[in-house]
Amino acid sequence: MASPTTLPVAVIGAGPVGLAAAAHVLENGLEPLIFEAGLAAGAAIEQWRHIRLFSPWRYNLDPAAVRLLEASGWVPPRATAVPYGGELIDHYLTPLAALPAIKARLQTGARVTAVTRSGMDKTSTRNRETTPFTVRVRHRDGGTRDYTVAAVIDASGTWSTRNPLGASGLPAPGEDAAADRISAPLPDVAGRDRASFAGRRVLVVGAGHSAANTLISLTDLARDDPATRIVWAVRGASAEKVYGGGDADGLPARGQLGSRLRRLVEAGRIELHSGFGITSLTPTDSGVSVEAVDGRTLQVDLVVPCTGFRPDLGILRELRLHLDPAVEAPVQLGPLIDPEFHSCGTVPPHGARVLAHPEKDFYLVGMKSYGRAPTFLLATGYEQVRSVAAALAGDREGADTVHLELPETGVCSTDAGTSFEVPRPDRQQLNPIQTQPTIGASP
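Treat the numbers as computed from the prediction; the structure is a model and nothing was measured.

### Details of the overall build of the protein chain
Part 1 of the argument: Broken down by element type, the protein chain carries 13 helices and 17 strands.
Part 2 of the argument: By the burial criterion, 55% of the 443 residues in the protein chain qualify as buried.
Part 3 of the argument: Entry remark: accessible area of the protein chain is about 17700 Å², with carbon and sulfur atoms responsible for 51%.

This is the structure:
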């Protein structure tokens, strides 16, 4: 890629990190070609637009993307305000995707189904590094097309592939049969999904901040509909990791979330079952029976799976990847992000060199680069793609000079798979310039 080429750089995914990658590729004089499986930029975030992020705007805006936006007259939101997912879309991603420089290079409804080297399978070695990539894309009209590109940046995230409920990493026996009793990972309990939860006995499974969000939303619902019952199951011996760092957390929104959850459990409004590794689900006439390793059984109407996410690596089967065997991140990154030892703020700055694979000019970035580790923050992804774009342009010094300012943190999520957290209390779309980062009354 250091030599001139007329081929574009494929960017898979038009979320925050994907669009940031495109902006940095443009700044480095290269041509991005962006494929988004959804019908609009930020399609995955649209599923949790009711959730407030932990971090304020200053950590959620990419510098290259901001430079593009400001050139068009865009006014940035107040740096210290904490946005909801919907605000991230409406006030940042949608305007960014609408810029002529991005819009002309963005294909929506375009799902990447495979990436390979042109005319070569995984076993072929001769001239591999100088052979372009083929990106196979299925478009919304049902047609499939192959695109020839010089490099690939995979920023497709992990939202579409949740972890199963089973304790062994596999779907528990009966999990597929009980699918109609299992909700989406972050349901809008107070809004569009309210009717599914009101007056029901709901089991939330997971020991991360996705679970905390849903649990607190359910307690608010139960206040309006006292027939609603809330059950919480975690695999660990306690829920201390979810309660987090409290006032010591460098991201106040996250610390307040954990503190509020602890109070609700102690007050008996949430029924907590620890050490509850699920071994089977059995559909019943009215709900589902959930059994643990030790034989305990919970009878509930509905299950919310807050068990985290994992990367879909199937589309990359013909590429030569070097992945950490535990977290499925690039092998050099894996030990730096292992959630057993690191939180969001203790992950060191890293760029193209750490993210590299044996497959030259291919990079996993953003949440997908973290594999199964849930400690990702957007600011980390933005620095990743800045470095990757520099490397693809032949600027090795720029690629290797990485800087990242992150907040001091308490305890990161152990299963959330994302960096978002807090559902809005009023259900109204707010202007992020006016939104105060106060979350005491909302999870």
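Having seen it, we continue.
### Considering the sheet that holds strand β15 (residues 302-305)
Part 1 of the argument: Pairing within the open sheet is parallel, and its 4 strands lie in the order β11-β10-β9-β15. Each edge of the open sheet is held by one strand with a lone partner, namely β11 (271-273) and β15. Neighbouring strand axes in the sheet, compared pairwise and without regard to direction, differ in orientation by 20° on average.
Part 2 of the argument: The sheet contact formed by strand β10 (residues 229-233) and β11 spans 3 bridges and is parallel. When the bridges of β11 are listed, tryptophan 232 appears paired with leucine 272.
Part 3 of the argument: Helix α7 (residues 209-224) rests against β9 (201-205), β10 and β15 of the sheet, and its axis sits at about 165° to β10.

### Considerations on the pairing of strand β7 (residues 144-149)
Part 1 of the argument: Strand direction decides the pairing type here: strand β6 (residues 133-139) and β7, joined by 6 bridges, are antiparallel. Note that in β7 the partner of arginine 136 across the bridge is aspartate 146.
Part 2 of the argument: Following β6, the chain reverses through 4 residues before pairing antiparallel with β7; glycine 142 in that reversal takes a positive phi of roughly 90°.

### Describing the nonpolar core
Part 1 of the argument: Counting residues in each nonpolar core, the largest one holds 61 residues, and the members touching the most others are Leu19, Tyr92 and Val365.
Part 2 of the argument: Of all the secondary structure elements, the ones that give two or more residues to this core are β1 (9-12), α1 (16-27), β3 (51-53), α3 (63-70), α4 (85-98), β8 (151-154), α11 (352-355) and α12 (378-392).
Part 3 of the argument: No other element matches the 8 residues that α12 contributes to this core.
Part 4 of the argument: Ignoring anything within four residues of it in the chain, the contact list for leucine 19 reads Gly13, Ala14, Ile34, Ala41, Leu93, Leu96, Ala97 and Ile102.
Part 5 of the argument: Of all hydrophobic cores here, the second largest spans 26 residues; its members include Ile216, Val242, Val265 and Leu302.

### Describing the sheet that holds strand β14 (residues 297-300)
Part 1 of the argument: The 3 strands lie next to each other as β12-β13-β14, forming an open sheet whose pairing is antiparallel. One side of each edge strand has no neighbouring strand; the edge strands of this open sheet are β12 (278-283) and β14. Sheet twist, expressed as the average angle between the axes of neighbouring strands with direction ignored, equals 20°.
Part 2 of the argument: In this sheet, β14 lies alongside strand β13 (residues 288-292) in antiparallel orientation, the contact comprising 4 bridges. Within the sheet, the bridge partner assigned to valine 290 lies in β14 and is leucine 298.

About the cut-offs
- Residues numbered from 1 in each chain as written.
- Predicted model: local features only at pLDDT ≥ 70, side-chain atom pairs only at ≥ 80, totals over all residues.
- Heavy atoms only, no water.
- Helix = DSSP H or I, 4+ residues; strand = E, 2+ residues; numbered from the N terminus.
- Buried < 20%, exposed > 50% of the residue type's maximum accessible area, 1.4 Å probe, protein only.
- Areas by Shrake-Rupley, 256 points an atom, 1.4 Å probe, with all protein chains shown as cover.
- Pairing = 2+ DSSP bridges.
- Axes fitted to C-alpha atoms, helices over the stretch in contact; angles between N-to-C directions.
- Contact = heavy atoms within 4.5 Å.
- Core = buried A, V, L, I, M, F, W, Y, C linked by side-chain atoms within 4.5 Å.

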